[in-house]
Amino acid sequence: EVRFEWTPGFGAGGSSNAPVSGGEAAIEIELSYPTPGLYEITASVYDGRIKLVNDSLKVRIAGTTLRIDPPGLTNAQLLVDYTFSFVADDIPTETSNVKFTWSFGVGRSGAGDSGIVPTSDGRASAEASQIYTADGAFGLVVDVRDAAAADAVLAQSSATVFVGGA
């Protein structure tokens, strides 16, 4: 019999014993990851106190992605109306409506939201426009939320807009 020990890359790990048959031993574990991201799973196999194997692998857990198009602007001009598209993909199937919120980094006049947007095949989109009235570098920040749970941010993205000689 050997002992398997593992850490999932978040929180506490675990251990389990398994019989050796034909020189091999195996276990199955199921992990639920708290958020999308890159995690490193580390596993070790022990025969008594002797570590026989130690290995790790990286796992990327997918989640909702949010894309801004265009992804930023350089040399934007004053008093021109710029439209940005926001596209959220891989929205969880249990989320039927989302809400996009944004800030163009120009104060209160540059903030807004899309209202309720229905999802279709795990995707939703919205648009917003902004007219810049001063030179500078402005940060556009967008997030997409589950409309049924306002605190549930599914994804966030940002872009930089350079206006004039900034």
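Everything numeric here is computed off the predicted structure, so don't read it as measured data.

Here we come to the packing of aromatic side chains. Tallied over the full model, the rule gives eight aromatic pairs. Centre to centre, the rings of F86 and W102 are 5.5 Å apart; their planes meet at 40°, and the pair counts as tilted. Taken together, the residues span a long stretch of sequence, with F86 in strand β7 (residues 81-89) and W102 in strand β8 (residues 97-103) at a distance of 16 residues. Across the pair, exposure class does not vary: F86 and W102 are buried alike. Counting every residue linked through ring pairs, the aromatic cluster contains F84, F104, Y132 and F138. It is R3 that lies over the ring of Y46; its NZ or CZ is 4.6 Å from the centre.

Turning to the environment of G105, a few remarks are in order. With respect to the helices and strands, G105 occurs in the loop between β8 and β9 (111-113). Judged by its relative accessible area of 40%, G105 falls in the partly exposed class. Sequence spacing of G105 and N54 is 51 residues, and the spatial spacing of their C-alpha atoms is 48 Å. Beyond its immediate chain neighbours, meaning those up to four positions away, G105 contacts F138 and G139.

In terms of nonpolar packing, the biggest core is built from 26 residues, with F84, F86, F100 and L140 touching the most fellow members. Every element with two or more residues in this core is listed here: β5 (65-69), β6 (73-76), β7, β8, β11 (124-131), β12 (136-146) and β13 (153-163).

Strand direction decides the pairing type here: β5 and β7, joined by five bridges, are antiparallel. When the sheet's bridge partners are listed, T65 is paired in β7 with D89. Inspection of the sheet shows β7 paired to β11 by eight bridges, in the antiparallel sense. Looking at β11, one finds that S85 is bridged to E127.

Now for the sheet that holds β11. Overall, antiparallel pairing links the three strands, which are arranged β5-β7-β11 in an open sheet. Both outer strands of the open sheet, β5 and β11, are each paired with one neighbouring strand and no more. With strand direction ignored, the average angle separating the axes of adjacent strands in the sheet is 20°.

Time to look at the sheet that holds strand β2 (residues 14-18). Whether parallel or antiparallel, the strands of a sheet pair through hydrogen bonds between backbone atoms. Strand order across the open sheet formed by four strands is β2-β1-β3-β4, with antiparallel pairing between neighbours. Whereas interior strands pair on both sides, the edge strands pair on one side only; in this sheet they are β2 and β4 (50-61). In this sheet, neighbouring strand axes are inclined to one another by 20° on average, regardless of whether the strands run parallel or antiparallel. When strand β1 (residues 2-7) meets strand β3 (residues 37-47), the two strands line up antiparallel, connected through five bridges. Paired with T7 across the two strands is T42, which belongs to β3.

Attention now goes to the side chain of S157. Examined against the element boundaries, S157 turns out to sit in strand β13. Within the structure, S157 has its side chain in polar contact with the backbone oxygen of L66 (distance 3.4 Å). Excluding residues that lie within four positions of it along the chain, S157 makes contacts with L66, I68, L140, V141 and V142.

What follows covers the pattern of salt bridges. In total, this model carries five salt bridges according to the counting rule given. For R123, the salt bridge identified is with D89, shortest N-O distance 2.6 Å. Of this pair, R123 sits in the loop between β10 (117-118) and β11 while D89 sits in strand β7, and the two are 34 residues apart along the sequence. On the basis of relative accessibility, which here comes to 42%, the residue R123 falls in the partly exposed class. By relative accessible area, D89 is classed as buried at 17%. Two residues, D143 and R145, come together in a salt bridge whose shortest N-O distance is 3.2 Å. Judged by its relative accessible area of 8%, D143 falls in the buried class. Relative accessible area serves as the criterion here: at 23%, R145 is assigned to the partly exposed category. Through salt bridges that share partners, R67, D89 and R123 make up one connected network.

Here is what the cut-offs are and how they apply
- Residues numbered from 1 in each chain as written.
- Predicted model: local features only at pLDDT ≥ 70, side-chain atom pairs only at ≥ 80, totals over all residues.
- Heavy atoms only, no water.
- Phe/Tyr/Trp six-rings, centres within 6.5 Å; stacked < 30°, edge-to-face > 60°.
- Helix = DSSP H or I, 4+ residues; strand = E, 2+ residues; numbered from the N terminus.
- Buried < 20%, exposed > 50% of the residue type's maximum accessible area, 1.4 Å probe, protein only.
- Lys NZ or Arg CZ within 6 Å of the ring centre and 35° of its normal.
- Contact = heavy atoms within 4.5 Å.
- Core = buried A, V, L, I, M, F, W, Y, C linked by side-chain atoms within 4.5 Å.
- Pairing = 2+ DSSP bridges.
- Axes fitted to C-alpha atoms, helices over the stretch in contact; angles between N-to-C directions.
- Polar contact = N/O pair within 3.5 Å; in protein donor to acceptor, adjacent residues only side chain to side chain.
- Salt bridge = Lys/Arg side-chain N within 4 Å of Asp/Glu carboxyl O.

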